[in-house]
Amino acid sequence: MAAACIAAGRPVESVRLLAVSKTWPATSVRAAIAAGQRAFGENYVQEAIDKAAELAGLDLEWHFIGPLQSNKTRLVAENFAWVHSVDRLKIAERLAAQRPPDMAPLQICLQVNVSGEASKSGCLPAEAASLAREVAALPGLKLRGLMAIPEASDNPSRQREPFAVLRRLRDSLDMGLDTLSMGMSHDLEAAIMEGSTLLRVGTAIFGQRNYTT
Ligand SMILES: *Cc1c(COP(=O)(O)O)cnc(C)c1O
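Residues numbered from 1 in each chain as written. Predicted model: local features only at pLDDT ≥ 70, side-chain atom pairs only at ≥ 80, totals over all residues. Heavy atoms only, no water.

Size it by volume and the largest pocket reaches roughly 430 Å³. Lining the largest pocket are 21 residues; nearest its centre among them are Lys22, Asn43, Ile149, Met184 and Arg200. For the lining of the largest pocket, the per-class residue count stands at seven nonpolar, 10 polar and four charged. There is about 170 Å³ of room inside the second largest pocket. Val114, Ser115, Pro150, Glu151, Ala152, Ser153, Arg158, Gln159, Glu161, Pro162 and Asp187 are the residues that line the second largest pocket. Classifying every residue of the lining of the second largest pocket by side-chain character gives four nonpolar, three polar and four charged. (1 Å grid on protein atoms, 1.4 Å probe; cavity = no way out; pocket = protein on both sides within 12 Å on 5 of 7 lines; lining within 4 Å. Points joined across faces, edges and corners; volume = space filled by probe spheres on them. Nonpolar A, V, L, I, M, F, W, Y, C, P; charged D, E, K, R; others polar.)

Shown next, in the form of C-alpha cells:
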C-alpha cells in the first residue's frame, strides 16, 4: 500500500486498510489485531456477529461488505459501524429506521455496478445520483461514498478503468463524499492509482479462503 501510494504521489495515510476476515476465525482476527489492525470486513451477518462477540471488549470497527437482504438489515444496523453494499433505497430506509438512536450514525457507501453485465450487485451508475441524494437525507445514516467490485482482470491498465469510472462518478455527485471503497488483494495498486481511500483486502492478509469447511 505504501509503495503504491508513493508511486501515485499520494500521502501513505490517505488510504485505509479494511481487513476482510470472512471465513476466518476469531483467532485469525486476533493475529491481525496484534499487528495493529482495527477495521474488519465481513460478508455473512451471523458469522460476523458470532466473531464480534468472541472479540467483545476490543476497540474494533466492523464493516458489512456483502450482499444485504431485507431480512438481515436489523442485525446489520445493530452490529456494524459501516455498510459498503447499499444499492437500493429500500435497504437504506430499513437501516435508517433500525439503527439504534444511541449508536453513532451508520456509515454508508453505495455499491455501484461499474462492470455492466458481469455483476448483479450494485446500482447502475445512472441511478447513483438520485440514490445518493435520497440516502443522504435519511436519519441514522451518514453517506460517506461509493464502493465497487469490478470484474477481475490481470491487466493493470484495464484494472484502472472501472476505478476511474467510480472516482469520476463520486466527483460528479459533488456531495463532499470522502470515501472510495475500492481495491482488493489482486488490484489494490490500480485502485490506489485511481484514488481509493479504503481497500478491502482478505486473501493478501489471511491467505486463501477455504469455503468447504
Ligand atoms: C471477499 C471480499 C473482499 C476481499 O477479497 P480478496 O480478494 O480476498 O482480497 C473484498 N471485498 C468484498 C466485497 C468481498 O466480498
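Turning to helix 6 (residues 128–136), its buried residues are Ala128, Leu131, Ala132 and Val135. Projected down its long axis, helix 6 carries its buried residues within an arc of 100°, all on one side. (Buried < 20%, exposed > 50% of the residue type's maximum accessible area, 1.4 Å probe, protein only. Helix = DSSP H or I, 4+ residues; strand = E, 2+ residues; numbered from the N terminus. Arc of directions from axis to C-beta.)

As a further point, take the pairing of strand 5 (residues 106–111). Counting buried residues in strand 5 gives six out of six residues, a clear majority hidden from the surface. The alternating pattern of strand 5 places Leu106, Ile108 and Leu110 on one face and Gln107, Cys109 and Gln111 on the opposite face, and all of these are buried. Both strand 4 (residues 82–86) and strand 5 contribute to a ladder of three bridges, which runs parallel. Across the sheet, the residue bridging to Val86 is Leu110, located in strand 5. Viewed along the sheet, the connection from strand 4 through helix 5 (residues 89–98) into strand 5 turns out right-handed. Judged from the six bridges that link them, strand 5 and strand 6 (residues 141–147) form a sheet pairing that is parallel. The residue bridging Leu106 from the neighbouring strand is Leu141, located in strand 6. (Pairing = 2+ DSSP bridges. Right-handed = clockwise from strand over helix to strand, strands pointing away.)

Before going further, it helps to examine the side chain of Ser21. On the secondary structure map, Ser21 appears in the loop between strand 1 (16–20) and helix 2 (26–34). A relative accessible area of 0% means that Ser21 is categorised as buried. Aside from chain neighbours lying at most four places away, what touches Ser21 is Val29, Phe40, Gly41, Glu42, Glu47, Lys51, Trp62 and Phe206. (Contact = heavy atoms within 4.5 Å.)

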